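Residue-level listing of the chains:
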Amino acid sequence: MTSTDSPSRAAQTPDPNADVVDPTLEADVFARGCNSRAALQNATGRWGALALAALNEGPYRFSALRRRVDGVSERMLSQTLQTLERDGLVHREVLETIPPKVEYSLTELGADVAAKITALIELLESQVPKIVASQASYDARNQLNLSES
């Protein structure tokens, strides 16, 4: 069987003109049409990662979550939460109070993803002095290169 006859290889090469992702594709985030690619971007984008990490602390109402994720606009947080809910990472619950309130929490899958993101955040935070030193060294080298040009 040649590589072009292989069903898994053919499935990994979707029609570039197709608008719909083939749900039968084998999971491979490096393949253009893989469903996991969009979910990865949603979970690891700036606001997605911060929302998941915050929700890893426990359920939040929208306004409290917005305060926790400093700098996010109401519109962007709303869009981010909708996307994460669509991906099955976040659960949205309307609390029957007057006025009605909405609470967000992690699904089981969301908790797994948030734990990994939180571990990455903790690793990066623990290495801030090295990161800042590296950035300063890089910037100094590039400034020197620019002045020599």
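Report on the accompanying structure. (Residues numbered from 1 in each chain as written. Predicted model: local features only at pLDDT ≥ 70, side-chain atom pairs only at ≥ 80, totals over all residues. Heavy atoms only, no water.)

**Comments concerning helix α3 (residues 46–55)**
- Taking burial as the measure, the 10 residues of α3 include 8 buried ones, the bulk of the element.
- For α3, every residue scored as buried is listed here: W47, G48, A49, A51, L52, A53, A54 and L55. (Buried < 20%, exposed > 50% of the residue type's maximum accessible area, 1.4 Å probe, protein only. Helix = DSSP H or I, 4+ residues; strand = E, 2+ residues; numbered from the N terminus.)

**Concerning the packing of helix α6 (residues 108–126) against helix α7 (residues 128–148)**
- Two numbers describe how α6 lies on α7: the axes approach to 5 Å, and their chain directions differ by 65°. When α6 is examined against α7, the residues L124, E125 and S126 are found in contact with a partner set consisting of V128, P129 and I131.
- Its residues assigned to classes, the contact of α6 with α7 shows 4 nonpolar, 1 polar and 1 charged. (Axes fitted to C-alpha atoms, helices over the stretch in contact; angles between N-to-C directions. Contact = heavy atoms within 4.5 Å. Nonpolar A, V, L, I, M, F, W, Y, C, P; charged D, E, K, R; others polar.)

**As for a nonpolar patch on the surface**
- On the surface, L120, L123, L124 and I131 cluster together to form a nonpolar patch covering roughly 340 Å² of accessible area.
- For the nonpolar patch, the element with the most residues is α6, which contributes 3 residues.
- Note on L124: relative accessible area 43%, which makes it partly exposed. (Patch = residues over 30% accessible without salt bridge, like charges linked within 9 Å, V, L, I, M, F, W, Y side chains within 5 Å. Areas by Shrake-Rupley, 256 points an atom, 1.4 Å probe, with all protein chains shown as cover. Salt bridge = Lys/Arg side-chain N within 4 Å of Asp/Glu carboxyl O.)

**What to know about the side chain of T80**
- Residue position: T80 is located in helix α5 (residues 74–86).
- A relative accessible area of 10% means that T80 is categorised as buried.
- The contact partners of T80, leaving out residues within four places of it in the chain, are W47 and G48.

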